[in-house]
2 protein chains.
Amino acid sequence: MSEERMQKALATLKSSGVRITPQRHAVLEYLMHSMNHPTADEIYKALEGKFPNMSVATVYNNLRVFLDIGLVRELTYGDSSSRFDCNTTEHYHVICNSCGKIVDFHYPALDEVEQLAEQVTGFNVSHHRMEVYGTCTDCQENKSH
Amino acid sequence: MSEERMQKALATLKSSGVRITPQRHAVLEYLMHSMNHPTADEIYKALEGKFPNMSVATVYNNLRVFLDIGLVRELTYGDSSSRFDCNTTEHYHVICNSCGKIVDFHYPALDEVEQLAEQVTGFNVSHHRMEVYGTCTDCQENKSH
DNA sequence: TATTACTTAATAATCTTTATAAATAGTGTA
DNA sequence: TACACTATTTATAAAGATTATTAAGTAATA
């Protein structure tokens, strides 16, 4: 399952002429296995045990590499630090207003929006993003107490 | 036209018990008249002439006040600094990948997306946002040279 | 092996935003 | 008007995220 994605990603890296160092492998692996769209700092802290000497810059460097190749996407919300999403299949995000939890949400791509945007603005449209905001089930319960 | 919106905004401020200082007025006015969703720093620099002694903190303070009352919206994209939009009518944004230009884009609200998100995730949905990315007409021309 | 390019680590620097504290100015009231 | 009270501004420091720099290390290649 996720092993397959990992192999595919490694192949993409290799074909792009990017070396697969232990740190790089670890960052990618963590991204692949984490379902919660971590920040750079979260990745850094999570790998501290395995790589006590690793620099924060290394995390940022590698995230940049993955971004450039298209292996991950950067998500910027209001909360000061970027989050990284290695799920490159088309999907949207639902975000909790109170706890910040991010949940993936699949929905048929809104092609007609892109087309209309092209017509109206003259832009050469490449993609779009959408986030739905609300209160997650946990926070709904907490509020009712 | 935009005078009317300004009067309305001032009335909203007054009724919220917020004092209308010269700096505050200037920030609001700049936001109202600018069509390009400025950053806090852009506002600061734009008003430097009129208010040589104004602090950056004042800009941030006032933006916060406007946000709390609902006069403006904060837009967070990848480019490190927040942008502020005083157009509170429902609309989406089209953003240029190369120059960062932001253009307003009207489209019927995607209510069915919100509804489906509620069903699938159990969230109590409040709102959503969407951005379309692409290359603006100016940058398309520049590239072809 | 020698050379080259890539990568890491450590650190400094930058940039955006927030916090703090003192000074200032507006508002209401006696 | 004078006083007290509170909101606001200013100046500055601080925090936090990200990028830049540079030296050292590591892999690839001829």
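Residues numbered from 1 in each chain as written. Chains lettered and ligands numbered in written order. Predicted model: local features only at pLDDT ≥ 70, side-chain atom pairs only at ≥ 80, totals over all residues. Heavy atoms only, no water.

## Quick notes on the sheet that holds strand E5 (residues 124-135) of chain B
The strand order across the open sheet built from 6 strands is E4(A)-E3(A)-E5(A)-E5(B)-E3(B)-E4(B), with neighbouring strands paired in mixed fashion. At either margin of the open sheet sits one strand with a lone partner, and together these are strand E4 (102-105) of chain A together with strand E4 (102-105) of chain B. Sheet twist, expressed as the average angle between the axes of neighbouring strands with direction ignored, equals 25°. Of the pairings in the sheet, the one linking strand E3 (residues 92-96) of chain A to strand E5 (residues 124-135) of chain A comprises 4 bridges and is parallel in character. Pairing of Ile95 of chain A across the sheet is with Tyr133 of chain A, part of E5 of chain A. Of the strands in this sheet, E3 and E5 of chain A together with E5 of chain B are in contact with helix H6 (residues 137-144) of chain A, which crosses E5 of chain A at around 25°. (Pairing = 2+ DSSP bridges. Helix = DSSP H or I, 4+ residues; strand = E, 2+ residues; numbered from the N terminus. Axes fitted to C-alpha atoms, helices over the stretch in contact; angles between N-to-C directions. Contact = heavy atoms within 4.5 Å.)

## Comments concerning a negative patch on the surface
On the surface, Asp111 and Glu112 of chain A together with Asp111 and Glu112 of chain B cluster together into a negatively charged patch. Contributions of two or more residues to the negative patch are made by helix H5 (111-121) of chain A together with helix H5 (111-121) of chain B. Note on placement: Glu112 of chain B falls in helix H5. Of the residues examined, Glu112 of chain B reaches a relative accessible area of 44% and is grouped as partly exposed. (Patch = residues over 30% accessible without salt bridge, like charges linked within 9 Å, V, L, I, M, F, W, Y side chains within 5 Å. Areas by Shrake-Rupley, 256 points an atom, 1.4 Å probe, with all protein chains shown as cover. Salt bridge = Lys/Arg side-chain N within 4 Å of Asp/Glu carboxyl O. Lys, Arg positive; Asp, Glu negative; His and termini not counted. Charge placed at Lys NZ, Arg CZ, Asp CG, Glu CD. Buried < 20%, exposed > 50% of the residue type's maximum accessible area, 1.4 Å probe, protein only.)

## Concerning the side chain of Thr39 of chain B
Structurally, Thr39 of chain B is set in the loop between helix H2 (22-33) and helix H3 (40-46). Apart from residues no more than four positions distant in its own chain, Thr39 of chain B is found in contact with Ser81, Ser82 and Arg83 of chain B.

## Focus on the pattern of salt bridges
A side chain with one charge can pair with a side chain of the opposite charge if their charged atoms come near. Tallied over the entire structure, the rule returns 11 salt bridges over all chains. We note a salt bridge from Arg129 of chain B to Glu131 of chain B, for which the minimum N-O separation is 3.1 Å. Considered together, Arg129 of chain B and Glu131 of chain B belong to a single accessibility category, that of buried residues. What you see here is one network of salt bridges that share partners, running through Arg129 and Glu131 of chain A together with Arg129 and Glu131 of chain B.

## Let's talk about the interface of chain A and chain B
Contacts between chain A and chain B engage 34 residues on the former and 34 residues on the latter. Buried surface at the junction of chain A and chain B, both sides included, amounts to about 3000 Å², of which 70% is carbon and sulfur. A per-residue breakdown of the area chain A buries against chain B is headed by Phe123, Arg129 and Tyr133 of chain A, which together make up 21% of the total. For the interface between chain A and chain B, the tally reads 2 salt bridges. (Buried area = accessible area lost by both parts, 1.4 Å probe.)

## Topic: the relation of the copies chain A and chain B
The transform that puts chain A on chain B rotates by 178° and translates by 0.1 Å along the axis, for an RMSD of 0.4 Å. Viewed as a symmetry operation, the transformation between the two copies matches a two-fold axis. It is Met130 of chain A whose C-alpha, among those of chain A, lies nearest the rotation axis, at 2.2 Å. In this assembly the copies share their binding face: 100% of the residues contributing to the interface of chain A also contribute to that of chain B. (Least-squares fit on C-alpha atoms with pLDDT ≥ 70 in both.)

## Considering the packing of H2 of chain B against helix H4 (residues 56-69) of chain B
Residue and element names in this part refer to chain B. With their axes 10 Å apart at the nearest point, H2 and H4 run at an angle of 70° to one another. For the element pair H2 / H4, the angle class is roughly perpendicular. Our pair here, H2 against H4, has a crossing hand that is right-handed. Residues Gln23, Arg24, Val27, Leu28 and Leu31 of H2 lie in contact with H4, whose contacting residues are Thr58, Asn62, Leu63, Val65 and Phe66. Residues that form the contact of H2 with H4 fall into these classes: 6 nonpolar, 3 polar and 1 charged. (Parallel < 35°, antiparallel > 145°, perpendicular 65-115°, else oblique. Left-handed = near helix turned anticlockwise from the far one by under 90°. Nonpolar A, V, L, I, M, F, W, Y, C, P; charged D, E, K, R; others polar.)

## Thoughts on the protein's contact with DNA strand C
In the neighbourhood of DNA strand C, 19 residues make up the surrounding shell, with Thr21, Arg24 and Thr58 of chain A together with Tyr60 and Ser82 of chain B lying closest. Within the backbone of Ser55 of chain A, a nitrogen or oxygen atom sits 3.4 Å from a phosphate oxygen of DNA strand C. For DNA strand C, a phosphate oxygen lies 2.9 Å from a polar atom in the backbone of Ser82 of chain B. Every element with two or more residues in the surface near DNA strand C is listed here: helix H2 (22-33) and helix H4 (56-69) of chain A together with H4 of chain B. Take the surface near DNA strand C: its biggest share by element is 4 residues, from H4 of chain A. Per-class residue counts for the surface near DNA strand C are 5 nonpolar, 10 polar and 4 charged. (Near = heavy atom within 4 Å. Polar contact = N/O pair within 3.5 Å; in protein donor to acceptor, adjacent residues only side chain to side chain.)

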